[in-house]
Amino acid sequence: MTTTEQAVLAAAIEGAVRATAGVSAVYRSASVISHLLRAGAAALGVRPEDEPLVSVAETEDGVVVEASIGVESNTRSGDTLRAVRAAVDAVLERQGVRRESLTLTVVHVHAAAPEPVV
Amino acid sequence: MEDERFRRALEHADDRIVAGRAADGDVEAFAVLVRRYTPMMRAYTQRMLNSSADVDDIVQESFVTAWQRFGELEDLSKVKSWLMRIVSRKAVDRIRALRPAVDIDSIDRPAPLHTSPSAVVEMRAGVAALGAALRELPDAQRECWVLREIGGYSYEEIAEELDIPVSTARGLLARARKYMIVRMEEWR
Amino acid sequence: MTDDREVPEIRRLGLEPTDLDGHTIEELADYLDAGRTPRDRSIEESPGCQLALDALQRLHGLGSELLDAETAAEPEVDPTWVERVLSGIAMDARAGRRIPFASEEPDTDLGITEGAVRGLIRAAEAAVPGLLIGRCRLTGDVTAAGAPIRIEIDASALHGQSIPAVADRLRDEVDRALRTHTELNVTAIDIAIRDIREVPTWTEEKP
């Protein structure tokens, strides 16, 4: 997979993640892999705002995918995470890409607006 | 509506509560600390440096350091003196950057007149006299005095902070105290 | 006050060892710092020393007063200043440890950060009027599924609230939030209400 193909894949995955019910936001991952990917992108001249937020790295056995998400407070986080996993798998299957591992982390629970007090 | 009242509650809450949340990563609580302690840190920095240049940078850098180092603060209720320590260190760093070594020969030479505080301060006349006398001290003596009498540093801590022997710190402080006592008694 | 234009040579108050019965200003300052104990007769019975000690004492108090006065004289903190400071910090909300969810699939890691959970706990205060949450801790190995976890919360309650009632409501709310967003085995939710602070703005608005 070329770097461009990787970026396209990451963008597609990010789109699927955002569209999943219960997801309120996608955040920049703080993992080591993500840092390395960003460093690589920077070296190639990709601007930070153009980088996908979801990390996709290629290995011999397939892609390593990492995403950090925000979730809505009124949906169980476990349910949201499993829904995101299904959405990511769907994208990979469509693209014919094998997955080596997937790491999904909730980094923020978005509090609903407080109920008006009588 | 409810949200608004809670935000104001945080503004007035005890240091321990506010610092606890800031230490946990709550940016709103951290902003409360910035509002609460910026005036004190500015006043203290101005006294350390005897000028108002660089004060904003020093106070800002101090807050950034505090955010990074909240994990080191054991007793959250002591956040105020912890912030004072951080700003002392930054102020001294700035002083040392501008003046690499304490010039022992100059310890008796009076400091040139620096800008006085921009606001007209309403205070007891004795306190005002102290402020004026402090401005007259040579730099090294003033720094020792401020660290000790306002910052609460020990002699050893002053020596470490200013990178001078403890005996020099004691000597500078003794000189500063004598000058201040005499000026204050004069005023009386 | 004196018109004396000479460099300070005060007749009454002397600060050299000859005026202080052999003691130095440094010694007296140390003596004062030690709270004047153990009692030193040669100092306590020396009039010169007493004068100097009084002067040192006055001076010491004035230092803090000066800081307070000049702090009060500082202009009110501008919102743009606060923004400037906040722009300098990394707002990553202290992620902390990673708390896992059960994953039926191998090679799939699902989790939530400790930072997110703490944010969740803090948000619980919105459901409990009259309470302000401070620091919260998760003790135990949160990274091990099923490990017993204890939640410790520092809070302050508005003056006049019934503390046990407020604590119970918060406990229920936190428990609910944790069940919704984690698979933690929470064995206890300890709430310490440490101080009661009167919030003037609130009492003003009471019906």
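Residues numbered from 1 in each chain as written. Chains lettered and ligands numbered in written order. Predicted model: local features only at pLDDT ≥ 70, side-chain atom pairs only at ≥ 80, totals over all residues. Heavy atoms only, no water.

A. Summary view of the overall build of chain A. Secondary structure assignment for chain A yields three helices and four strands. In chain A, which comprises 118 residues, the share counted as buried stands at 42%. For chain A, the proportion of contacts with a sequence separation of at least 24, taken over those separated by at least 6, is 76%. Carbon and sulfur atoms make up 56% of the accessible area of chain A, which amounts to about 6300 Å² in all. (Helix = DSSP H or I, 4+ residues; strand = E, 2+ residues; numbered from the N terminus. Buried < 20%, exposed > 50% of the residue type's maximum accessible area, 1.4 Å probe, protein only. Contact = heavy atoms within 4.5 Å. Areas by Shrake-Rupley, 256 points an atom, 1.4 Å probe, with all protein chains shown as cover.)

B. Molecular detail of the UniProt feature "domain: RNA polymerase sigma-70 region" (unreviewed entry) in chain B. The sites that UniProt annotates as "domain: RNA polymerase sigma-70 region" (unreviewed entry) are residues 33-98 of chain B. The distance from the first to the last C-alpha atom of residues 33-98 of chain B is 29 Å, and the span holds 79% helix and 0% strand. (UniProt positions renumbered as here; feature names shortened; annotations may be inferred.)

C. Region of the structure containing the packing of aromatic side chains. Residue and element names in this part refer to chain B. One pass over the full model with this rule turns up four aromatic pairs over all chains. On the numbers, 6.2 Å between centres and 90 degrees between planes, the contact of F30 with F63 is edge-to-face. Linking F30 in helix α3 (residues 27-49) with F63 in helix α4 (residues 55-69), this pair joins segments that are 33 residues apart in sequence. With relative accessibility at 0%, the residue F30 sits in the buried group. By relative accessible area, which is 0% here, F63 ends up buried. Between the aromatic rings of F70 and W82, the centroid separation amounts to 5.3 Å while the plane-to-plane angle is 35 degrees, which identifies the pairing as tilted. (Phe/Tyr/Trp six-rings, centres within 6.5 Å; stacked < 30°, edge-to-face > 60°.)

D. Region of the structure containing the nonpolar core. In terms of nonpolar packing, the biggest core is built from 91 residues, with F30(B), Y44(B), F63(B), F70(B), V79(B) and W145(B) touching the most fellow members. Ranked by residue count, the leading element in this core is α3(B), at 13 residues. Beyond its immediate chain neighbours, meaning those up to four positions away, F30(B) contacts A22(B), F63(B), W67(B), F70(B), V85(C), L86(C) and I89(C). If you look at the next biggest cluster of nonpolar residues, it comprises 52 residues, including V71(A), L104(A), L110(C) and I112(C). (Core = buried A, V, L, I, M, F, W, Y, C linked by side-chain atoms within 4.5 Å.)

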